[in-house]
Amino acid sequence: MKWLRENLARAGAALLSGILLSYVSPPVGYDWLHWFSFVPVFLAIAHGGEAASTPEGARAERRSAFRLGYLCGASGVFTLFFWLAETIDLFSNIPLAAAAIVVLLFALVWGLPYGLLMMAIPLLRRRFGHGWMLLFPALWVAEEMLWPSLFPYYQGVGQYRNGWTWQLASLFGAYGLSYLIIASNAAIASVIAAVAGKGRAGWMPALARGPWLEAGAVAAMLAGMLGFGAWRQGAVEVKLAAAPTIRAAILQQKITMVERMAEKKSSTAFRSWVEITRPVLGQDIDLVVWPEGAVPYNPAEERVAKVLK
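Everything numeric in this text was worked out from a predicted model, so none of it was measured.

Conventions we followed
Residues numbered from 1 in each chain as written. Predicted model: local features only at pLDDT ≥ 70, side-chain atom pairs only at ≥ 80, totals over all residues. Heavy atoms only, no water. Helix = DSSP H or I, 4+ residues; strand = E, 2+ residues; numbered from the N terminus. Buried < 20%, exposed > 50% of the residue type's maximum accessible area, 1.4 Å probe, protein only. Contact = heavy atoms within 4.5 Å. Areas by Shrake-Rupley, 256 points an atom, 1.4 Å probe, with all protein chains shown as cover. Lys, Arg positive; Asp, Glu negative; His and termini not counted. Charge placed at Lys NZ, Arg CZ, Asp CG, Glu CD. Salt bridge = Lys/Arg side-chain N within 4 Å of Asp/Glu carboxyl O. pLDDT = per-residue confidence, 0-100. Polar contact = N/O pair within 3.5 Å; in protein donor to acceptor, adjacent residues only side chain to side chain. Axes fitted to C-alpha atoms, helices over the stretch in contact; angles between N-to-C directions. Left-handed = near helix turned anticlockwise from the far one by under 90°. Nonpolar A, V, L, I, M, F, W, Y, C, P; charged D, E, K, R; others polar. Phe/Tyr/Trp six-rings, centres within 6.5 Å; stacked < 30°, edge-to-face > 60°. Lys NZ or Arg CZ within 6 Å of the ring centre and 35° of its normal. Core = buried A, V, L, I, M, F, W, Y, C linked by side-chain atoms within 4.5 Å. Parallel < 35°, antiparallel > 145°, perpendicular 65-115°, else oblique.

Digging into the overall build of the protein
Link 1 in the chain: Counting secondary structure elements, the protein contains 14 helices and two strands.
Link 2 in the chain: For the protein, the spread of C-alpha atoms along the principal axes amounts to about 80 × 50 × 30 Å.
Link 3 in the chain: The burial tally for the protein puts 40% of its 309 residues in the buried class.
Link 4 in the chain: Taking contacts inside the protein between residues at least 6 apart in sequence as the whole, the part at least 24 apart equals 70%.
Link 5 in the chain: Only carbon and sulfur atoms are counted for the fraction: they give 66% of the accessible area of the protein, which is about 17100 Å².
Link 6 in the chain: Of the side-chain charges in the protein, 26 are positive and 19 negative, and the distance between the mean point of each set is 6 Å.

The following block contains the structure:
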């Protein structure tokens with residue numbers, strides 16, 4: 001593909017941003033990385049904007065932005081949801097290689113929103129200059145709210161382990177965090193581009209000045225988020241300290257799902273959970289928690305209820 005050969009570095013940046021999605025999300029959970037993980041693809045889209053001084057150049061720029069966004073999205077969805085291939089391999093007779101192809105097809109479809117969103121960046125930059133870093137995140141949030149999805153993934157959900165940032169979800173939901181994550185990436189990319197001499201092209205007067213005002217607005221929103229998060233985190237901890245407590249026992253076995261599925265009788269696993277629970281019953285425990293799938297029957301059935309009692 002000619003475009004790919006001519007834009008290997010930009011395509012690599014887009015792939016990097018996509019692959020980083022699997023690192024900002026569980027189980028890795030480097031949530032701090034999310035605040036600048038999209039910077040490579042944003043810089044890749046901004047690079048070469050000088051060629052868009054003609055209508056044909058502008059169309060080429062939008063096509064390029066779509067391709068870069070699509071690479072970012074498809075690679076991100078594939079790595080982020082590769083657990084589907086492992087699940088298919090585990091719970092069916094489909095081999096892992098074939099399951100990976102299924103996930104790849106899934107990624108090729110659900111990577112489209114990323115391409116369509118990124119295609120809007122050149123348009124917003126041309127029309128609103130550096131204001132794109134405040135408008136594009138809103139467009140992203142609108143896509144998260146409206147685009148149908150088999151497995152909904154909002155950028156903001158990756159912050160659930162960070163108390164100071166996650167508190168914002170109590171006001172605006174995960175969408176509010178999605179907005180700030182994309183705005184942070186856009187602001188950092190704009191500042192880097194300005195310092196490096198990009199984004200100051202004479203054919204785009206709106207970008208002739210630096211991005212400092214808009215980047216400052218994003219920084220102020222991020223500071224407000226952290227300030228609110230620190231305050232609310234402390235307030236929540238005070239209420240938790242005064243709240244009534246219970247004693248809970250969370251049980252787990254040293255056995256893999258493959259070993260569990262190899263058992264011929266589902267009742268075997270069920271009765272094993274009953275047996276390891278018996279020693280706990282005399283320890284003043286209010287709640288016993290078993291893992292998902294521990295009870296393969298309806299617990300309301302009389303024969304099952306007798307065992308559970």
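The structure having been displayed, the exposition proceeds.
Let's talk about the pattern of salt bridges
Pairs can form between side chains of opposite charge once their charged atoms are near each other.
Link 1 in the chain: A complete count under the given rule lists one salt bridge for this structure.
Link 2 in the chain: The partner of E275 in a salt bridge is R278, and the shortest N-O contact between them spans 3.4 Å.
Link 3 in the chain: Judged by its relative accessible area of 49%, R278 is partly exposed.

Considering the confidence of the model for the protein
Link 1 in the chain: Of all residues in the protein, 91% have pLDDT values of 70 or greater, and the mean over the chain is 87.
Link 2 in the chain: Model confidence for the protein, summarised as mean pLDDT per element, is weakest for helix 12 (residues 257-262) at 69 and strongest for helix 8 (residues 132-146) at 96.
Link 3 in the chain: Long-range and interchain partners of residues 199-205, a stretch whose pLDDT sits below 50, account for 16 contacts in this model, where long-range means more than four residues apart.

Some remarks on the side chain of S75
Link 1 in the chain: Along the polypeptide, S75 turns up in helix 4 (residues 55-80).
Link 2 in the chain: Here S75 falls in the buried class, since its relative accessible area comes to 12%.
Link 3 in the chain: At 3.0 Å, the side chain of S75 forms a polar contact with the backbone oxygen of C72.

Section: the packing of helix 4 against helix 6 (residues 96-110)
Link 1 in the chain: Two elements in contact, helix 4 and helix 6, have axes separated by 8 Å at closest approach and are oriented at 145°. Like other packed secondary-structure pairs, helix 4 and helix 6 cross with a definite hand, here right-handed. Residue-level contacts link Y70, A74, V77 and F78 of helix 4 to A100, V103, L104, F106, A107, L108 and W110 of helix 6.
Link 2 in the chain: Grouping the constituent residues of the contact of helix 4 with helix 6 by class yields eleven nonpolar, no polar and no charged.

Some words on the packing of aromatic side chains
Link 1 in the chain: By the definition in use, this model includes 20 aromatic pairs.
Link 2 in the chain: A network of ring pairs unites the aromatic residues F38, F42, Y114, W132, F136 and W140 as a single cluster.
Link 3 in the chain: We note R127 situated over the ring of F128; from NZ or CZ to the ring centre the distance is 5.0 Å.

Notes on the nonpolar core
Within soluble globular proteins, side chains that are nonpolar generally end up buried alongside one another.
Link 1 in the chain: If you look at the biggest cluster of nonpolar residues, it comprises 53 residues, and the most contacted ones within it are F38, V41, F42, M118, W132, F136 and W140.
Link 2 in the chain: Sorting elements by how many residues they give to this core places helix 10 (residues 169-195) first, with ten residues.
Link 3 in the chain: For V41, the residues in contact, after removing those within four places along its chain, are A13, A14, S17, L68, C72 and M118.
Link 4 in the chain: Within the second largest apolar cluster, five residues are counted, among which are A249, L251, W273 and V280.

Things to note about helix 3 (residues 39-46)
Link 1 in the chain: Counting buried residues in helix 3 gives seven out of eight residues, a clear majority hidden from the surface.
Link 2 in the chain: Close packing links the buried residues of helix 3 with helix 2 (8-24), helix 4, helix 7 (112-128), helix 8 and helix 10.

Focus: the packing of helix 3 against helix 4
Link 1 in the chain: With their axes 9 Å apart at the nearest point, helix 3 and helix 4 run at an angle of 165° to one another. As far as their axial angle goes, helix 4 and helix 3 are roughly antiparallel. Crossing handedness for the pair helix 3 and helix 4: right-handed. On the side of helix 3, the interface is formed by V41, A44 and I45, while helix 4 contributes A65, L68 and C72.
Link 2 in the chain: Looking at side-chain class alone, the contact of helix 3 with helix 4 contains six nonpolar, no polar and no charged residues.

Structural notes on the environment of Y175
Link 1 in the chain: You can see Y175 is positioned in helix 10.
Link 2 in the chain: Look at Y175 and you get partly exposed, because its relative accessible area is 26%.
Link 3 in the chain: Expressed as a C-alpha distance, the spacing of Y175 and W140, which sit 35 residues apart in the sequence, is 9.3 Å.
Link 4 in the chain: Dropping the residues within four chain positions of it, Y175 is found in contact with V141, E144, M145 and Y154.

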